[in-house]
Amino acid sequence: MVNGCTQVYDETSSSFSSRTGFRLFADGLTQLHRGFYVGRPFLGPIKTFTLPERSRTRQDRAKAVEILVKDLKVFSSFNEELFKEITQLLTLDNFRENEQLSKYGDTKSARTIMLVELKKLIEANPLFRDKLQFPSLKTSRLRTLINQSLNWQHQLCKNPRPNPDIKTLFVDHSCGAQPNGARAPSPATNPLMATIPKGGGFPPLGAHGPPFQAAPAPVATALAGWMANATPAPHPAVSAGPIGLSAPANPAALLKRPRTPPNAPLGDYQSADSDHILKRARTIGQSGDEVSYTGPNLPQGLYSQDDLPKIVARTLNQGSPVKSMDFHPLQQTILLVGTHVGEIGVWEVGSQERLAHRNFKVWDLGSCSASMQAAVLKDPLVSVNRVVWSPDGSLFGVAYSKHIVHIYSFHVGNDLRQHLEIDAHVGGVNDLAFSHPNKQLCIITCGDDKTIKVWDAVTGARQYTFEGHEAPVYSVCPHYKENIQFIFSTAVDGKIKAWLYDLMGSRVDYDAPGQWCTTMAYSADGTRLFSCGTSKERESFLVEWNESEGAIKRTYQGFCKRSLDIVQFDTTKNRFLAAGDEYLIKFWDMDNTTMLTTVDADGGLASTPRLRFNKEGSLLAVSTSDNGIKILVNADGLRLLRTFDNRTFDAARVPSDTKVSVVTQMASVSTPGPQTVGGSDRVASTVSMAGLNGVDSRSVGDKVRVAEDSVDKNKNWKLTEIIEPAQCRSLRLSDNLPTSKISRLIYTNSGVAILALASNAVHKLWKWQRNDRNASGKATASIPPQLWQPASGILMTNDISDTNPEDAVPCFALSKNDSYVMSASGGKVSLFNMMTFKTMTTFMAPPPPATFLAFHPQDNNIIAIGMEDSTIQIYNVRVDEVKSKLKGHQKRVTGLAFSHVLNVLVSSGADAQLCVWGTDGWERLRNKFLQLPAGRSPPQAETRVQFHQDQIHFLVVHETQIAIYEANKLECLKQWIPAESLSAPISHATYSCDSQLIYASFFDGAVGVFHAGSLRLRCRISPSSYLSSNVSSGVYPLVIAAHPSEPNQFALGLSDGSVHVLEPLESEGKWGTGPPAENGLASNASTVLTTGTSGLEQAPR
């Protein structure tokens, strides 16, 4: 607006003053009683401030003044005196004739004066006093203000247009409808991304995000400042899934506008003061966008050096110098290793067992480029430069020093298969990462040919090539902010560049400290950017960047003057940094440049050791000088590894040389494509591999003898029975509220609380506190939690209308950041604020009532609602509209589950039918009825579905069975039917957080723990182990919930209204063991899912 004023002066030498404009603007700003949109009328006349647009000659001045006075008349109703002053100034030949403006200087000084006065005026307002922090304006641009106005015009749009034109700023408009009910991308509001649409979505994995994104919210100022000179270009809608160096999305998250501090005790709750915004469903969308974070959000002051893993607990012998490592994102103790001689290995660090091993070999040399073939023939030695897991852990990538990238798939039972071989770069491939542009998993590589390339992770097709570096590209760091996907890259000349997925060139060109080899990484929550590198003179630098300035925010001290190699680093807990230097691991607090402490890991580390934290920060892998790896732990890590110290079956009894020989033989086979899954094909494949590798009959005989030994061990194996309370840890959660049976139960995504919905429509929330006895603050059976209520004492109670809640089918869904719960108990669907327990809004009044709720994985505004009338309604919360109604079931819908990998919705109903729907057009792709045992078809029995962590297989739970299905073909792969020790009907079942176990509850009070891959029963828990003797024998669990990060913890919601948390004894560490076929060598064959619907295999009981 200020620029508008000064432009008039420059072109016509007559206009109203910027000071008057300031008064006009400030008056509108401070008259808050006039409503939220009081400033909107001030936007209209801006178009007439530039006098020459309507009248270009002095002869037309009278006409121009008339036009301006007419347009400015709108202000007279707000401030008549101010209107008169403005119009009087328009009649002057030179506004300096006015006494108050006689000392007006140039634009810059006038701007400074105006801003000072404006600041004073804002501070004088009691509503703002001491509540605002004024930013530096040196990075602000007029373009930013214009783009904010472009966002304003979309505030009330149902379907915002992806790329608003600046010409529409001053006129009313309507945006075209978007298909399928998905929220259209909104415009970014910074100079870099002015025309880039904003993708809906949030991280997969664990990610149950807050329901309501803001109708267009500005992209972080940080990006705006850093990339201010970028050329705006259309950008595809993207998913906000965690990528690259970011850990996969876990369950913690932040809401913006209003934004809650990250140290909220139970996730990151929205401020209670914002409740007035959420008056009805349509306005909910304006509450704020979500930025997804990983890792627990705990008060930083509670961290101490004891949280750092410093105790050596395991040592692995890799056999060659370690070059790169990465922990599995879900299975916290599985470590991927790449070495200097081209070898890769997958380790289970708890048992110190190498699960898989591969030496470098070109899978299909004939399809490689001539330069690649020549390089291999000239020098066959190849090293691994980088290994990294995909966000969901189903794939991992290996970047080699010559041209090649290998992508492997990692399956249930530690099955490793060749997936893709990519001839990626001319020369070495220096780095590799995974990303999610266009809602599609991609692989990002960089290399000696000075390029960055993006590849489809499914087909291997090249999607983008980014050129612009003048030296070999050393590293890549993909990231996303405000749903904008981008890539940072560093080159060996020290240049840092940033790229969008639009082929419009680099947005950034800065120098890294040391100007040589540098890697970059964000903190786990995505809010802080760090880099670590070493110069050619071997001086090392670890710094934090200020993204808004493209400048270094702080430089960490403590490196030696001359490092022996390029220093590597990692981050953990959003709090600590670690780097390997001087045969030590050096730690820093992120907020303190002084080195915190050092660890020598009992000596023997490499000169500049490679290092990697697991996702929780409880384990730290570091490389040693003798070609090994040491695993350092903290207290949590020590407890995690104890689960491997008490195995009933000792896999070491199988001769280790036999196991290694089999793995090695399989490793050296070259198969250009994925292998089949079927059990019979697998056996044949193994035999043929043995033949191809020249394995003599003695090797085959060894395997036969091992199989015979397994049969003998299977005869001696005994099911683990837990009968007495002393055989496990159990805790009944205290409850002073009226008792009513627990209908629904869930852990919060942060793992620090349990939420229950009782049949009387009342919610209950138990929270664990972080203290000396519970350092992590997570749910545990060892320490009782608090039944939490806000100070107001209100309860979260569902609308029940005229229905009896005891007869209703209750349902709820929790937002990813634990801020909101959406729930129904036969009446309207209610949205509650989890911190205040207030009802934010209600919608979807019956009939029919809602019976199941599920958030869309790419857009939290879209909710799938299963209904009593057998339909599924795809509901857009932000615009309060049903976008699609899916019909296919014959009875009420009882289960819904989304797959963000397959882009499908799987539904189940009381009709025992499964349906698969495509989320692009909401069409039904396939359906199938469960195969119910003869004579066991209870009417109206609920059928539940839940996706495995691979997002391809899913669990089906019915009163008569639990089964594993594959979603693509809707084939039943495994089925278990109650019998013998667990013969009662099934009340509920769920996957453990790592999808390795299935917990099932039964109507007789028993609980079964199954191996998820084979559905073999590992452990039976009797109700006598967790129920006191004075409890009625008719009490049984109605629902069962698994902890989101502790695979051996679950909770039961019982028919008497109580909730119990169960864990194995610390000395045991896990719930029993499976038959020997599931351990050691034979585990792969027994746990591979068998395909086909005929002759379903019923697992042994």
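Described below are features of the structure shown in this document. Only a predicted model underlies this, so the values are computations on that prediction, with no experimental measurement involved.

Procedures and definitions
- Residues numbered from 1 in each chain as written.
- Predicted model: local features only at pLDDT ≥ 70, side-chain atom pairs only at ≥ 80, totals over all residues.
- Heavy atoms only, no water.
- Salt bridge = Lys/Arg side-chain N within 4 Å of Asp/Glu carboxyl O.
- Helix = DSSP H or I, 4+ residues; strand = E, 2+ residues; numbered from the N terminus.
- Buried < 20%, exposed > 50% of the residue type's maximum accessible area, 1.4 Å probe, protein only.
- Contact = heavy atoms within 4.5 Å.
- Pairing = 2+ DSSP bridges.
- Axes fitted to C-alpha atoms, helices over the stretch in contact; angles between N-to-C directions.
- Polar contact = N/O pair within 3.5 Å; in protein donor to acceptor, adjacent residues only side chain to side chain.
- Parallel < 35°, antiparallel > 145°, perpendicular 65-115°, else oblique.

## Some details on the pattern of salt bridges
A side chain of one charge can pair with a side chain of the opposite charge if their charged atoms are brought near each other.
Line of reasoning, step 1. If you walk through the whole model with that rule in mind, you get 26 salt bridges.
Line of reasoning, step 2. With a shortest N-O distance of 2.8 Å, Lys495 and Asp511 are connected by a salt bridge. Placement of the pair is Lys495 in strand 20 (residues 495-500) and Asp511 in strand 21 (residues 508-511), with a sequence separation of 16 residues.
Line of reasoning, step 3. You can call Asp511 partly exposed: its relative accessible area is 39%.
Line of reasoning, step 4. Between Glu544 and Arg528 there is a salt bridge whose closest N-O contact spans 2.9 Å. With Glu544 in strand 24 (residues 540-546) and Arg528 in the loop between strand 22 (517-522) and strand 23 (529-534), this pair connects stretches of sequence that are 16 residues apart.
Line of reasoning, step 5. Classification of Glu544 by relative accessible area gives buried; the value is 2%.
Line of reasoning, step 6. Via salt bridges that share partners, Arg528, Glu544, Arg554, Arg575, Asp589 and Asp591 belong to a single interconnected network.

## Brief notes about the environment of Leu564
Line of reasoning, step 1. When you line up the elements, Leu564 lands in the loop between strand 25 (551-556) and strand 26 (569-572).
Line of reasoning, step 2. Each C-alpha atom, one on Leu564 and one on Tyr583, is 9.6 Å from the other, the two residues being 19 residues apart in sequence.
Line of reasoning, step 3. The residues touching Leu564, leaving out its near neighbours within four places in the chain, are Arg538, Tyr583, Ser607 and Thr608.

## What to know about the sheet that holds strand 59 (residues 1037-1042)
Line of reasoning, step 1. Spatially, the 4 strands line up as an open sheet ordered 34-61-60-59, and their pairing is antiparallel. The sheet is open, and its two edges are formed by strand 34 (728-732) and strand 59, each paired on a single side. Taken over all neighbouring pairs, the strand axes of this sheet differ in orientation by 20 degrees on average, direction set aside.
Line of reasoning, step 2. With 5 bridges connecting them, strand 59 and strand 60 (residues 1050-1054) associate as antiparallel partners. Each residue of the ladder has a partner; that of Ala1041, found in strand 60, is Ala1051.

## Section: the side chain of Lys402
Line of reasoning, step 1. Mapping Lys402 onto the fold places it in the loop between strand 11 (395-400) and strand 12 (404-411).
Line of reasoning, step 2. Judged by relative accessible area, Lys402 falls into the buried class, the value being 13%.
Line of reasoning, step 3. At a separation of 3.3 Å, a polar atom in the side chain of Lys402 contacts the main-chain carbonyl oxygen of Leu381.
Line of reasoning, step 4. Each residue touching Lys402, except ones within four places of it in the same chain, is listed here: Met372, Ala375, Asp379, Pro380, Leu381, Val382, Gly427 and Gly428.

## Digging into the packing of helix 4 (residues 61-72) against helix 5 (residues 80-90)
Line of reasoning, step 1. Relative orientation of the contacting elements helix 4 and helix 5 amounts to 170 degrees, with a least axis distance of 10 Å. Of the possible angle classes, the one that applies to helix 4 and helix 5 is roughly antiparallel. Note on element contacts: helix 5 touches helix 4 through Phe83, Ile86, Thr87 and Leu90, opposite Arg61, Val65, Leu68, Val69 and Leu72.

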